[in-house]
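Reading the structure
What follows is the residue order along each chain.
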Amino acid sequence: MVFAVPTYFFVVMMFLTLIMGMVRHFSGTLGVVQEPPPMEMVGLAQPLTLFLLLRVHQRHDRTDRGGGHLERGPGVPSAAQPQRRHHPDLDVRHPGFPAGRNHLPGRADRRGALGRGDVISQLARTVDGGRDIIYLLTMAGTTIILVMAANTSFAGFPRLAALLAIDGFLPRQLSTQGSRLVYSRGITVLTLLSIGFIVAFQASVTALIPLYAIGVFLSFTLSQAGMVHRWWKSGRLAPGQEVAEQGSTLAHDRGWRAKLAFNTVGAVATGMVTLIFAATKFREGAWIVLVVLPLLMGLTFRIHRHYRGLSTALSLQKYEPEMRSTRHRVILLISGVHKGTLRALRYAQLLSSDVTVVHISVDPEETARVQHKWEEWGEGVRLVILDSPYRLMLEPIVEYIEYIASQRQPNDTITIIVPHFVPRGWFDNLLHSQTAMILRLRLLRLPNIVVTDVPYQVT
């Protein structure tokens, strides 16, 4: 009901505007909007060919942004000023919308010009003779219907992304519903992509329409082709036979031939429109879709291969239990001796009695202070000093751990403990080098090594 009310309001206002316009047209009182855009001639004279007609169709598609909301589907805004680049007598498209909406703009245009704004705004302003209450209600209905149309993308894309994520063709995080029972991560991704397109194309509807049109009609083509394949499989089944498929059950359909023909016509028609847009709008932005779409397809298959390989690697089929560990060695990395270090030391001693503390020496004076404090607070745990004359931090630690790992027995376990302190606020984190975090990320790549993080909250 919530979505039905503004939809019917928009339809009623449009019919009211069209009826008023037709009455004023036949009574000779149809108004004129001033400030017409300048006439422009584009290109040289050339023979009337099929490709030229397609170009005329596409150029009209660009000028009729406001009137094409319902033909193009939901979500297309109408903000930029139309630039008429061909004779108004060529405006002969839109057979599916009520005839008055196509008839009135031509009549008003011949009387003067529709002026600035999209077609619906020009039409309403011409019919009403200004910006009265009927005009404002018409534009309010148009605005509401566009907001609702934009909502369809945020309702459909997250659900589609979730289905692809469940099948392993997109990151699995997109398949998780949020606290409001919607796919909030998919909504966030779509929001960021929308902002990126708006910024990249400077909110130009003319530049964005080719991307939108090719994507829409390509989706129509794929869906229609999928239905053709489904009806073909249905026709090959015996009456009463059913086959369980992923997500549905396929059964014999008596009218499969008619449905197959219907969807075939739809797939061919939408496929032709896709090719027309790709050819005529290639330089105006369609090339982006033709380049990005194969890359996205390759990315989805790459993600699918990753999840499939991960599932194989984690499978318990043909799994042989590993030998239980007989020795547990713990290596504690420290940069200094403080409260956080001692807490990490106590945790290490809970894990094993075989604990080695490692310190990287880049400053002899600082190393001497660390050794002195460790003799006092280290509880007799051995301390290993790794000299680093070139002031490197990661390389000496990784080299030492790799050496220890090479000397261990097959059933030994090595745990690396990295202590770090946690400041009170996020801004305070910017005042520190985050060496512990870098060490953790680097050590996680070492095979058969357990990395444990021991935080110390600074209060």
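Calculation rules
- Residues numbered from 1 in each chain as written.
- Predicted model: local features only at pLDDT ≥ 70, side-chain atom pairs only at ≥ 80, totals over all residues.
- Heavy atoms only, no water.
- Helix = DSSP H or I, 4+ residues; strand = E, 2+ residues; numbered from the N terminus.
- Buried < 20%, exposed > 50% of the residue type's maximum accessible area, 1.4 Å probe, protein only.
- Contact = heavy atoms within 4.5 Å.
- Areas by Shrake-Rupley, 256 points an atom, 1.4 Å probe, with all protein chains shown as cover.
- Salt bridge = Lys/Arg side-chain N within 4 Å of Asp/Glu carboxyl O.
- Patch = residues over 30% accessible without salt bridge, like charges linked within 9 Å, V, L, I, M, F, W, Y side chains within 5 Å.
- Pairing = 2+ DSSP bridges.
- Axes fitted to C-alpha atoms, helices over the stretch in contact; angles between N-to-C directions.
- Parallel < 35°, antiparallel > 145°, perpendicular 65-115°, else oblique.
- Left-handed = near helix turned anticlockwise from the far one by under 90°.
- Nonpolar A, V, L, I, M, F, W, Y, C, P; charged D, E, K, R; others polar.
- Core = buried A, V, L, I, M, F, W, Y, C linked by side-chain atoms within 4.5 Å.
- Phe/Tyr/Trp six-rings, centres within 6.5 Å; stacked < 30°, edge-to-face > 60°.

Some details on the overall build of the protein chain
The number of helices and strands found in the protein chain is 15 helices and seven strands. The buried share of the protein chain, taken over its 459 residues, is 35%. Sequence-distant contacts, at least 24 apart, represent 70% of the contacts inside the protein chain between residues at least 6 apart. Approximately 28800 Å² of the protein chain is accessible, and the part contributed by carbon and sulfur atoms is 63%.

Thoughts on the pattern of salt bridges
Close approach of charged atoms lets side chains of opposite charge pair. Scanning the model with the defined rule gives seven salt bridges in all. A salt bridge links Lys 259 to Asp 253, with the shortest nitrogen-to-oxygen separation between them at 2.9 Å. A relative accessible area of 34% places Lys 259 in the partly exposed class. Salt-bridge contacts for Glu 366 lead to Arg 369; the nearest nitrogen and oxygen are separated by 2.7 Å. Of the two residues, Glu 366 and Arg 369 both sit in helix H12 (residues 364-377), three residues apart, roughly one turn of that helix.

Observations regarding a nonpolar patch on the surface
Residues Phe 282, Trp 287, Leu 290, Val 291, Val 292, Leu 295, Leu 296 and Leu 299 make up a contiguous nonpolar surface patch of roughly 740 Å² in combined accessible area. Mapping Leu 295 onto the fold places it in helix H10 (residues 282-314). The exposure class assigned to Leu 295 is exposed, which follows from its relative accessible area of 59%.

Comments concerning the side chain of Thr 452
Assignment of secondary structure puts Thr 452 in strand S7 (residues 450-457). Of the residues examined, Thr 452 reaches a relative accessible area of 14% and is grouped as buried. Those residues within four positions of Thr 452 in sequence are excluded, and the remaining contacts are Tyr 347, Thr 415, Ile 416, Ile 417 and Val 418.

Digging into the environment of Val 398
Structurally, Val 398 is set in helix H13 (residues 394-407). Since its relative accessible area comes to 7%, Val 398 is described here as buried. Residues Val 398 and Arg 442 lie 44 residues apart in sequence; the distance between their C-alpha atoms is 8.3 Å. Setting aside its immediate chain neighbours within four residues, Val 398 contacts Arg 442, Leu 443 and Leu 446.

Description of the sheet that holds strand S6 (residues 412-422)
If you walk across this open sheet you meet the five strands as S5-S4-S3-S6-S7, and the pairing is parallel. Each edge of the open sheet carries a strand with a single partner, namely strand S5 (382-387) and S7. Across the sheet, the mean angle from the axis of one strand to that of its neighbour is 25°, orientation sign disregarded. Seen against the sheet, helix H11 (residues 339-351) touches strand S3 (327-334), strand S4 (354-361), S6 and S7 and runs at an angle of roughly 140° to S7.

A few points about the packing of helix H5 (residues 119-128) against helix H6 (residues 133-166)
Viewed as axis vectors pointing N to C, H5 and H6 meet at an angle of 165°, and their least axial separation amounts to 9 Å. Classed by the angle they form, the pair H5 and H6 counts as roughly antiparallel. Where H5 crosses over H6, the handedness of that crossing is right-handed. Facing Ile 120, Ser 121, Ala 124, Arg 125 and Asp 128 of H5, the residues of H6 in contact are Ile 134, Tyr 135, Thr 138, Met 139 and Thr 142. Residue classes in the contact of H5 with H6 are distributed as five nonpolar, three polar and two charged.

Let's talk about the pairing of strand S1 (residues 242-245)
Regular strands show a simple pattern: their side chains alternate between the two faces of the sheet. The pairing of S1 with strand S2 (residues 248-251) spans four bridges and is classified as antiparallel. In the strand pairing of S2, Glu 242 is matched with Ala 251. Where S1 folds back on S2, the antiparallel hairpin that results is connected by two residues, among which Gly 247 adopts a positive phi of roughly 90°.

Re unusual backbone geometry
For Gln 202, which is not glycine, the phi dihedral falls at a positive 55°. On the secondary structure map, Gln 202 appears in the loop between helix H7 (184-200) and helix H8 (205-235).

Side note on the nonpolar core
Ranked by size, the top nonpolar core spans 19 residues in total, and within it Ile 331, Leu 333, Ile 401, Ile 416 and Leu 443 carry the most contacts. Sort the elements by how many residues they give to this core and H13 lands first, with five residues. Beyond its immediate sequence surroundings of up to four residues, Ile 331 is in contact with Thr 356, Val 358, Tyr 400, Ile 404, Ile 414, Thr 415, Ile 416 and Ile 417. Among the nonpolar cores identified, the runner-up in size contains 14 residues, and Ile 334, Val 357, Val 370 and Val 381 belong to it.

Topic: the packing of helix H1 (residues 4-27) against H6
The N-to-C vectors of H1 and H6 enclose an angle of 140°; their axes lie 9 Å apart at closest approach. Classified by the angle their axes make, H1 and H6 are oblique. Seen along the crossing, H1 lies across H6 with a hand that is left-handed. Contact residues: H1 offers Pro 6, Thr 7, Phe 9, Phe 10, Met 13, Met 14, Leu 16, Thr 17 and Met 20, while H6 offers Ile 134, Leu 137, Thr 138, Gly 141, Thr 142, Ile 144, Ile 145 and Met 148. The class makeup of the residues in the contact of H1 with H6 is twelve nonpolar, five polar and no charged.

Here's the deal with the packing of aromatic side chains
Within this structure, the stated rule accounts for five aromatic pairs. Centroid distance Phe 217 to Phe 220: 5.7 Å. Interplanar angle 85°. Geometry classified as edge-to-face. With Phe 217 and Phe 220 both in helix H8, this residue pair falls three residues apart, about one helical turn. The exposure class of Phe 220 is partly exposed, given its relative accessible area of 40%. Ring centres 6.4 Å apart and planes at 75° place the aromatic pair Trp 232 and Trp 256 in the edge-to-face group. Here Trp 232, found in helix H8, pairs with Trp 256, found in helix H9 (residues 256-280); they are 24 residues apart in sequence, far enough to count as distant. The partly exposed category is assigned to Trp 232, whose relative accessible area is 43%.

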